[in-house]
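Remarks on the overall topology
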Amino acid sequence: MNKPLLALAVTASLAVAAVVQAQSARDYISVVGSSTVYPFTTVVAEQFGKSTKFKTPKIESTGTGGGFKLFCAGVGPEHPDVSNASRAIKTSEIESCAKNGVTDIVEVKIGYDGIVFANAKGAPWVKLTRAQIYLALAKTVPDPKDPTKLVANPYQNWSQIDAGLPNAKIEVLGPPPTSGTRDAFVELVMDHGCETFPAIKALKDGDPKQFKAVCQTMREDGSFIEAGENDNLIVQKLVANKSAFGIFGYSFMEENLDKVQGSIVEGHSPTFEEIAAGKYPIARPLFFYVKKAHVGVIPGLKEFVNEFVSEKSFGTDGYLADKGLIPLPDAERKSVTAAARELKTIGSK
């Protein structure tokens, strides 16, 4: 055999060997990522396992950022097939994926979720603005005596921010930086609340890095506590401490309405109806991402995607709506379903 043909034969045999290895190495779907999307994916996985010939997918709650790190680490059975996310994938993460050979990524938007600022059932029901939340949680805030200057956060009690708020110590349990909920909270609450102060808003154009540092750096004096990716732990602590607040997704609050309640933010409650109508100000889309190179290699991956985007799953009357997912509008849902079934990748037309 001449050298070109020999090289071609070796390449082909290696490719076949890789596929065979992948097929023999793992016969189930591996999903990582967002703790917010986790319960929805778990329900779809259970339904998928019961109604098809494929094994029930394995779902891990690693946080959105942690999920993308695992997802983008490479192609092959040792790497996950799907990454759940409570925010859209960042350009830097797409670039990280590409460096490791993960180039064909399918983005699927599944619905919406609200972020709640919750406290224990029976505790005072609080009405807040995003500016007040920013003043409670930011490391640096405008000086109460001279708003043109920035100082280390002086507020210890909620009533120091506004006399109408509880005379209780500021104690808020929230997600870590690896969480998509944290990313969305920073963007939708901290940045927005920050911009209500003219001196800080001026930084946005003049010194964007300083603006980001002022608006997005959380205080480290015990008033804001990173509680990890376990939302159950936050609920337990809220029940034990009636003056504390917690930050997590609406769908999780819905599961624990016997224990917690959501604060009113700028006149709107975190309810299914208010989020679906676009009125509740702290709402964000939810996604999952599929590694297209694994389709046809990991058994059932395409079929799992089809189950997730079926009307019986993420439709208006689907079983995920029963779990607290806010469905996409009809036209958008049809578009998402078509693109997902075609496994249309990010950047493709």
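An account of the accompanying structure is given in this report. Quick caveat, the model's predicted, so the values are computed rather than measured.

Right, let's get into the pairing of strand 10 (residues 245-249). For strand 10, the tally of buried residues reaches five of five residues, placing the bulk of the element in the interior. With four bridges connecting them, strand 4 (residues 105-120) and strand 10 associate as antiparallel partners. Pairing of Ala 118 across the sheet is with Gly 246, part of strand 10. Here two bridges tie strand 8 (residues 172-174) to strand 10, and the two strands are oriented parallel to one another. Within strand 10, the residue paired with Leu 173 across the bridge is Gly 246.

Tracing the sequence through the fold places Arg 130 in helix 5 (residues 130-137). When neighbours within four sequence positions are excluded, Arg 130 is seen to be in contact with Leu 188, Val 189, His 192, Gly 193, Val 265, Glu 266 and Pro 281.

Here the focus is the environment of Glu 273. When you line up the elements, Glu 273 lands in helix 12 (residues 272-276). Put simply, Glu 273 and Phe 185 are 88 residues apart on the chain and 20 Å apart in space, counted from C-alpha to C-alpha.

Moving on, we get to the pattern of salt bridges. What the rule picks out here adds up to 17 salt bridges. Note that Asp 113 is salt-bridged to Arg 284, the shortest N-O span being 3.3 Å. On the criterion of sequence distance, the pair formed by Asp 113 in strand 4 and Arg 284 in strand 13 (residues 283-291) is long-range, its members being 171 residues apart. A relative accessible area of 0% places Asp 113 in the buried class. Looking at Arg 284, the relative accessible area reads 3%, which means it is buried.

For helix 5, the buried fraction is high: eight of the eight residues fall into the buried class. Listed in full, the buried residues belonging to helix 5 are Arg 130, Ala 131, Gln 132, Ile 133, Tyr 134, Leu 135, Ala 136 and Leu 137.

What counts, and at which threshold
- Residues numbered from 1 in each chain as written.
- Predicted model: local features only at pLDDT ≥ 70, side-chain atom pairs only at ≥ 80, totals over all residues.
- Heavy atoms only, no water.
- Buried < 20%, exposed > 50% of the residue type's maximum accessible area, 1.4 Å probe, protein only.
- Helix = DSSP H or I, 4+ residues; strand = E, 2+ residues; numbered from the N terminus.
- Pairing = 2+ DSSP bridges.
- Contact = heavy atoms within 4.5 Å.
- Salt bridge = Lys/Arg side-chain N within 4 Å of Asp/Glu carboxyl O.

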